[in-house]
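# Commentary on secondary and tertiary structure
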Amino acid sequence: MDQPVKSGSGGPPGARVPGRVWLMLALATVGFAVNFWAWALLSPLAPRFKDELGLSSFEQSLLVAVPVVVGSLGRVPVGALTDRYGGRLMFPLVSAATVVPVLYLGLAGHSSLAALLVGGFFLGIGGTAFAVGVPFVNAWFPPERRGLAIGVFGAGMGGTAISALTTVQLVDAAAMATPFLITAAVLVVYAVAAALLLRDAPGRAVPTESLVRRLAATVRLPVTWQASALYAVAFGGYVAFSVYLPTYLRTGYGLTQADAANRMAGFVLLAVAMRPMGGWLSDRLGPVRVLAGSLAVVVAGAVVQAFTPPLAPLGTIAFLSMAAALGAGSGATFALVALLTPAGKVGSVTGVVGAAGGLGGFLPPLVMGTMYGRYGTYAAGLALLAVVAAAALAYTLTGVRAAVEGPGRPPTGHHRGRRAAGTTA
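Summary of the structure given here. (Residues numbered from 1 in each chain as written. Predicted model: local features only at pLDDT ≥ 70, side-chain atom pairs only at ≥ 80, totals over all residues. Heavy atoms only, no water.)

We now examine the overall build of the chain. Scanning the chain for helices and strands turns up 17 helices and zero strands. For a compact globule of 425 residues, the expected C-alpha radius of gyration is about 22 Å, and the chain comes in at 20 Å, within 12% of that figure. Viewed in the frame of its principal axes, the chain has a C-alpha envelope of about 60 × 45 × 35 Å. In the chain, which comprises 425 residues, the share counted as buried stands at 58%. Considering only contacts in the chain between residues 6 or more positions apart, those separated by 24 or more positions represent 84%. On the chain, roughly 15200 Å² of surface is accessible, and the fraction owed to carbon and sulfur atoms is 70%. When the 27 basic and 12 acidic side-chain charges of the chain are each reduced to a single mean position, those positions are 10 Å apart. (Helix = DSSP H or I, 4+ residues; strand = E, 2+ residues; numbered from the N terminus. Rg over C-alpha atoms; globule rule 2.2 N^0.38 Å. Buried < 20%, exposed > 50% of the residue type's maximum accessible area, 1.4 Å probe, protein only. Contact = heavy atoms within 4.5 Å. Areas by Shrake-Rupley, 256 points an atom, 1.4 Å probe, with all protein chains shown as cover. Lys, Arg positive; Asp, Glu negative; His and termini not counted. Charge placed at Lys NZ, Arg CZ, Asp CG, Glu CD.)

Below, the discussion takes up the packing of helix α11 (residues 222–253) against helix α15 (residues 346–375). Two numbers describe how α11 lies on α15: the axes approach to 6 Å, and their chain directions differ by 35°. The hand of the α11/α15 crossing is right-handed. Across the contact of α11 with α15, the residue classes tally to 17 nonpolar, 10 polar and no charged. (Axes fitted to C-alpha atoms, helices over the stretch in contact; angles between N-to-C directions. Left-handed = near helix turned anticlockwise from the far one by under 90°. Nonpolar A, V, L, I, M, F, W, Y, C, P; charged D, E, K, R; others polar.)

Summed over the entire model, instances satisfying the criterion amount to three cavities of 30 Å³ or more. The calculated volume of the second largest cavity comes to roughly 140 Å³. Together, 17 residues line the second largest cavity, and W39, A40, V68, T160 and V243 are the ones closest to its centre. For the lining of the second largest cavity, the secondary-structure elements that each account for two or more residues are α1 (19–39), α2 (42–53), α3 (57–85), α8 (159–173) and α11. The greatest single-element share of the lining of the second largest cavity, amounting to four residues, is contributed by α11. Of the residues assigned to the lining of the second largest cavity, the class counts are 13 nonpolar, four polar and no charged. (1 Å grid on protein atoms, 1.4 Å probe; cavity = no way out; pocket = protein on both sides within 12 Å on 5 of 7 lines; lining within 4 Å. Points joined across faces, edges and corners; volume = space filled by probe spheres on them.)

See the structure below:
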């Protein structure tokens, strides 16, 4: 019987990864997807709540942003707890805890803005699953495979597409409670399955320091801030579009709620598909090149869309290009984390970086809603995205490249990405 690859083990680039390791990756990815499905339940329904409850543009934006910011900030302690207690405990715990707000929102918490905000606050628990999965997967895979593995795990963010494709349709076909009840049932099934089947990697590094000391040490690591800045743009941009795109398309282009939700699902699915590709390319080309290329595409797409071109074909091309780039950039960012983060601190770093990514997705919907409410256009928000992405591109080509190619590290690039990835300590 094959023995799992131990955390931090090296081995040649072509070493076979045992089947049990892939099973753990699959279970973690499913858990991430299910929790993200729950995390995104309010976004497709935001236009409906706006009409039924008479919400302003800002209140509608706040409704979809609250779960994002809570799920983002919650990743910091959850990532540190995962370093200490492992994904075998944390995945079932987070999934079971998310059931409560899902049931509340479906059965009683959708009659007023205050009730929705309370439910949305606790719905943010589902967003912390990301900080559980990254250190869990990282511990199972050898360094030269971590970019691909974490990219595959990151594809679980496609849970937002499940929500986009099913939530409105289920409400129309049955009742408001239906999508929430179905999601709660799936969460319960996953929590039980995870408790029975998940196993932490043998030999994983378990920190002995207190939570406060570990978090203090984490914020002193340069990679924490480098990856946080990049993830705030890459994943933050993805989150912002995934929660606000239905509103943007309905308001800016006059699409129906169902059509807008379906187009948002297409955006999400492309970003999800490109995230493993970003990790895979980072294993081979190095994360700096992948990040630079991705951010350059985001700059171009945001500039084009700031002029609100016709949706067919130019607007669609701009959005899909940004979706692909944001997905690949998100995967490349965590390839960078796997490359530069010391063993035993991956969960803590992931928590902080994941929080930055979520917070990067919190502000844009509020900005977009405010700008549209005041000026009747989204152009300023998209122009701001172009400026921020351009700044991130410049930082990638300077500060981040210097960190990756610094003393004692081989150059990243073609034929060298695998060797560089293998230097993780």
